[in-house]
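# Observations on the model geometry
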Amino acid sequence: MARASAPDVVQFEGGMAAGTIVVRTSERRLYLVLGHGRALRYVVGVGRAGAQWSGTSRIDGMFIRPHWAPPAEIRRDRPNLPAVIASGSPANPMGAAAMTLSGGSYAIHGTNRPASIGGFVSYGCIRMQNDDILDLYGRVHVGTRVVVTH
């Protein structure tokens, strides 16, 4: 199946090295810095009120169609969730791919709820359309720097 649309190539200033992922929570946009004042721009879903964060991390794992083990915070809010939701299940929110971030329980991942993209919707993860996460996944690697700002 073909991609619905490619990420936009946009002007980007901010002094970040090429290859850096920048998430601007207030914009609900993720940028992959290309260098020379340009970046790829993707629309994302971000943390809802009380679940937003900012800081610097790195991709520490990359997974296609991952299983999902809901973190304790989510299990507290939804105690009926199983300990693990299998890859491919319609209840699995990780979508087509996930890239885990060091230093916490967050990831940049696809979604089973595409209408949520562009909103303040998660427990702190960065949520992308499945086509977009697969595109980004192919452009980055373990160790890629991720900067999240408000």
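Above this text sits the structure in question.
The structure contained in this document is the topic of the report that follows. Since the model is a prediction, treat every value here as computed from it, not as a measurement.

About the criteria used
Counting restarts for each chain, with residues numbered from 1 along the sequence as it is written. This being a predicted model, a pLDDT of at least 70 is required before a residue's local features are given, and a value of 80 or more before pairs of side-chain atoms are given or counted; all residues contribute to the totals for chains, interfaces and linings. Side-chain metrics in this entry use all non-hydrogen atoms of the structure; hydrogen atoms and water are not considered. Any residue under 20% of the maximum accessible area for its type is buried, any over 50% is exposed, and the rest in between are partly exposed; the area is computed with a 1.4 Å probe on protein chains only. Helix and strand labels come from DSSP, where a helix needs a run of H or I of at least four residues and a strand needs a run of E of at least two; each type is numbered from the N terminus. Two strands qualify as a pair provided DSSP detects at least 2 bridges between them. Put simply, two rings from Phe, Tyr or Trp (the six-membered ring, in Trp's case) pair if the centres are within 6.5 Å, and we call them stacked under 30 degrees between planes, edge-to-face over 60, tilted for the rest. Charge-over-ring placement is defined geometrically: NZ (Lys) or CZ (Arg) within 6 Å of the ring centre, and within 35 degrees of the ring normal. Residues grouped as a nonpolar core are buried Ala, Val, Leu, Ile, Met, Phe, Trp, Tyr and Cys residues, joined through side-chain atoms within 4.5 Å. In this description, contact between two residues means that some pair of their heavy atoms is separated by no more than 4.5 Å. Within this document, salt bridges are pairs made up of a side-chain nitrogen of Lys or Arg and a carboxyl oxygen of Asp or Glu, the two lying within 4 Å of each other. Here a polar contact is taken to be a pair of N or O atoms separated by no more than 3.5 Å, where protein atoms must pair a possible hydrogen donor with a possible acceptor and residues adjacent in sequence count only if both atoms sit in side chains.

### Concerning the pairing of strand 6 (residues 97–101)
The element strand 6 is largely enclosed, with a buried count of 4 among its 5 residues. When strand 5 (residues 55–64) meets strand 6, the two strands line up antiparallel, connected through 5 bridges. Across the sheet, the residue bridging to Ile64 is Ala97, located in strand 6. Bridge analysis of strand 6 against strand 7 (residues 107–109) gives 3 bridges, and the strand direction is antiparallel. Bridged to Thr100 within strand 7 is Ala107.

### Focus: the packing of aromatic side chains
Counting across every chain of the model gives 2 aromatic pairs. The interplanar angle of 5° and the centroid separation of 5.1 Å between the aromatic rings of Trp53 and Tyr106 together place this pair among those described as stacked. Pair noted here: Trp53 is in the loop between strand 4 (38–47) and strand 5 and Tyr106 is in the loop between strand 6 and strand 7, with a separation of 53 residues, a long-range link. Look at Tyr106 and you get partly exposed, because its relative accessible area is 26%. A cation over a ring is seen here: Arg24 above Tyr31, with NZ or CZ 5.1 Å from the ring centre.

### Looking at the nonpolar core
In this structure, Ile21, Leu30, Met99, Ile108 and Leu136 are the most contacted members of the largest nonpolar core, which totals 24 residues. Elements supplying a minimum of two residues to this core: strand 2 (21–24), strand 3 (29–35), strand 4, strand 5, strand 6, strand 9 (126–128), helix 2 (130–137) and strand 10 (145–149). Ranked by residues supplied to this core, first place goes to strand 4 with 4 residues. Beyond its immediate stretch of four places on either side in the chain, Ile108 contacts Ile21, Leu30, Ala97, Ala98, Met99, Leu101, Ile126, Met128, Ile133, Leu136 and Val146. Within the second largest apolar cluster, 8 residues are counted, among which are Ile74, Ile85, Met94 and Cys125.

### Topic: the pattern of salt bridges
Under the criterion given, the structure shown has 3 salt bridges. Residue Arg24 pairs with Glu27 through a salt bridge whose shortest N-O separation is 3.6 Å. According to the relative accessible area criterion, Arg24 is partly exposed, its value standing at 23%. Take Glu27: its relative accessible area is 31%, and that puts it in the partly exposed class. A salt bridge links Asp135 to Arg139, with the shortest nitrogen-to-oxygen separation between them at 2.9 Å. Judged by its relative accessible area of 45%, Arg139 falls in the partly exposed class.

### With respect to the environment of Tyr123
Its place among the elements puts Tyr123 in the loop between strand 8 (120–122) and strand 9. The contact partners of Tyr123, leaving out residues within four places of it in the chain, are Arg48, Ala51, Glu73, Ile74, Asp77 and Tyr106. Separated by 3.3 Å, the side chains of Tyr123 and Arg48 make a polar contact. Polar contacts involving the side chain of Tyr123 include one to the side chain of Asp77, which spans 2.7 Å.

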